Amino acid sequence: QVQLVESGGGLVQAGGSLRLSCTASGRTFTNYGMGWFRQAPGKEREFAAVIDWSGSMTLYADSVKGRYTISRDNAKNTVYLQANSLKPEETGVYYCASRNVRFGTVYIMEYDHWGQGTQVTVSS
């Protein structure tokens, strides 16, 4: 059973940055494609960024492209999301997810495991 634990959320002013982390326990981390998703209050969960098992292939939502960077350290079983130039409308809970396939996907239903989420609040 894979367990994912996110950290790094918090309160930041508009234009600021946060680095989110997600550490996995359980089976071999390099078997997983990973993704970061976010859910604003009253809205559906949405894709932000995904990464393949090696870290060489990434994909971003248009809304975050150029401001967010997803990366992973397989030696530490951890995936990161560096979020820069944050906007108030990006306030919400940020979740990481893993799938038992080596490549990420933008489709929420194709992920097998989810973390509990970390709150990000961007003040104006």
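It should be noted that the structure appears before, not after, this text.
Residues numbered from 1 in each chain as written. Predicted model: local features only at pLDDT ≥ 70, side-chain atom pairs only at ≥ 80, totals over all residues. Heavy atoms only, no water.

Caption draft 1: Broad picture of unusual backbone geometry. Look at N77: it is not a glycine, yet its phi comes out positive at around 55°. Tracing the chain through its elements places N77 in the loop between strand 7 (68-73) and strand 8 (78-83). You can call N77 partly exposed: its relative accessible area is 25%. A positive phi angle, close to 50°, is found at S85, a residue other than glycine. Checked against the element boundaries, S85 lands in the loop between strand 8 and strand 9 (92-99). Note on S85: relative accessible area 38%, which makes it partly exposed. (Helix = DSSP H or I, 4+ residues; strand = E, 2+ residues; numbered from the N terminus. Buried < 20%, exposed > 50% of the residue type's maximum accessible area, 1.4 Å probe, protein only.)

Caption draft 2: Structural detail: the sheet that holds strand 8. With respect to topology, four strands assemble into an open sheet ordered 1-3-8-7, the strand pairing being antiparallel. Lying at the two open borders of the sheet, with one neighbouring strand each, are strand 1 (3-7) and strand 7. Between one strand axis and the next, the sheet turns through 15° on average, direction left out of account. Here six bridges tie strand 7 to strand 8, and the two strands are oriented antiparallel to one another. Pairing of Y68 across the sheet is with A83, part of strand 8. (Pairing = 2+ DSSP bridges. Axes fitted to C-alpha atoms, helices over the stretch in contact; angles between N-to-C directions.)

Caption draft 3: The arrangement of the state of the cysteines in detail. Summed over all chains, the structure comprises one disulfide. Across the disulfide from C22 sits C96; the S-S distance is 1.9 Å. Judged by the torsion about the S-S bond (45°), the C22/C96 disulfide is right-handed. Here C22 is found in strand 3 (residues 18-25), whereas its partner C96 is found in strand 9, with 74 residues between them in sequence. By relative accessible area, which is 0% here, C22 ends up buried. Accessibility expressed as a relative area gives 0% for C96, which makes it buried. (Disulfide = S-S within 2.5 Å.)

In short, geometric facts, not functional conclusions.
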